[in-house]
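Coordinate analysis (summary)
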Amino acid sequence: MSLEKPYLDVPGTTLFDMDQSRQGYWLNQFCMSLMKPENRERFKANQRAYVDEWPMTEDQKQAVLDQDLNKAISLGGNIYFLAKLGSTHGKSFQQMAGSMTGMTEEEYRDMMISGGRSIEGNRVVGESGDAQANRQPQGKSRVEGKA
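All residue numbers here refer to positions counted from 1 along the written sequence of the relevant chain. Totals for whole chains, interfaces and linings use every residue, but because this is a predicted model, local features are given only for residues with pLDDT of at least 70 and side-chain atom pairs only at 80 or more, for both listing and counting. The basis for the side-chain values is all heavy atoms of the structure; hydrogens and waters are excluded.

The protein chain is annotated in an unreviewed UniProt entry as Protocatechuate 4,5-dioxygenase subunit alpha of Polaromonas aquatica.

As structure tokens, this is what we get:
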């Protein structure tokens, strides 16, 4: 039984929670297998045959074969595990992040150096800019007059 998830209304964001972890268990185990050089070589020699050795869903396998990191994340993949897949293909984390945003590596780097993405359109659904600015981080409260 899943818990209430108020964080699901953040546009474009998939949080790796308990349910995502369960869904992506074998996908993430596959990615961890790529830490061993012999497994990377087997995967590169015949990607389909190697992913078929894992009890992933067909959608997960296809996301791996297509190097579709956004799809893999939506299917339970964790970016830190998926980084092993990117590395196997000779991609840096910056290149991977760029591909996930539809940008080139250079465009992604320049955006991050310039302060990252605009908050516009990236707030919690239904939350205005004023409400966002007044929201307190969870677990902290504002105490006036205290040092």
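**As for the overall build of the protein chain**
Each helix and strand counted, the protein chain has ten helices and zero strands in total. Think of it this way: any DSSP run of H or I at least four residues long counts as a helix, any run of E at least two long counts as a strand, and we number them from the N terminus. Along the protein chain, helices (α) and strands (β) appear in the sequence α-α-α-α-α-α-α-α-α-α when read from the amino end. Here's how the labels work: a residue is buried when its accessible area is under 20% of the maximum for its type, exposed when over 50%, partly exposed in between, all with a 1.4 Å probe on protein chains only. Residues classed as buried in the protein chain amount to 27% of the 147 residues present. Put simply, 49% of the contacts in the protein chain that link residues at least 6 apart link residues at least 24 apart. Between two residues, a contact is recorded if the distance between any of their heavy atoms is within 4.5 Å.

**Here's the deal with the packing of aromatic side chains**
When the centres of two rings from Phe, Tyr and Trp lie within 6.5 Å, Trp using its six-membered ring, the rings pair. Their planes under 30 degrees apart give stacked, over 60 give edge-to-face, and anything left gives tilted. Taken as a whole and judged by the stated rule, the model has seven aromatic pairs. With a centroid separation of 6.3 Å and an interplanar angle of 50°, the aromatic rings of W26 and W54 are classed as tilted. Here W26, found in helix α2 (residues 25–33), pairs with W54, found in the loop between α4 (47–51) and α5 (58–66); they are 28 residues apart in sequence, far enough to count as distant. These aromatic residues form a ring-pair network of at least three members: Y25, W26, F30, F43, Y50 and W54.

**Let's talk about the nonpolar core**
Among the buried residues, those of types Ala, Val, Leu, Ile, Met, Phe, Trp, Tyr and Cys that are joined through side-chain atoms within 4.5 Å form a nonpolar core. Counting 19 residues, the largest nonpolar core has F30, F43, V64 and L85 as the members making the most contacts within it. Sorting the residues of this core by element identifies α2, α4, α5, α6 (69–74) and α7 (79–88) as the ones contributing at least two each.

**Here we look at the environment of L69**
In this fold, L69 is placed in helix α6. A relative accessible area of 8% places L69 in the buried class. For the pair L69 and M100, spaced 31 residues apart in sequence, the C-alpha separation works out to 6.5 Å. Among residues more than four places away in sequence, those in contact with L69 are L82, L85, M96, S99 and M100.

**Digging into unusual backbone geometry**
Here Q67, not a glycine, exhibits a phi torsion of approximately 55°, which is positive. Within the secondary structure, Q67 sits in the loop between α5 and α6.

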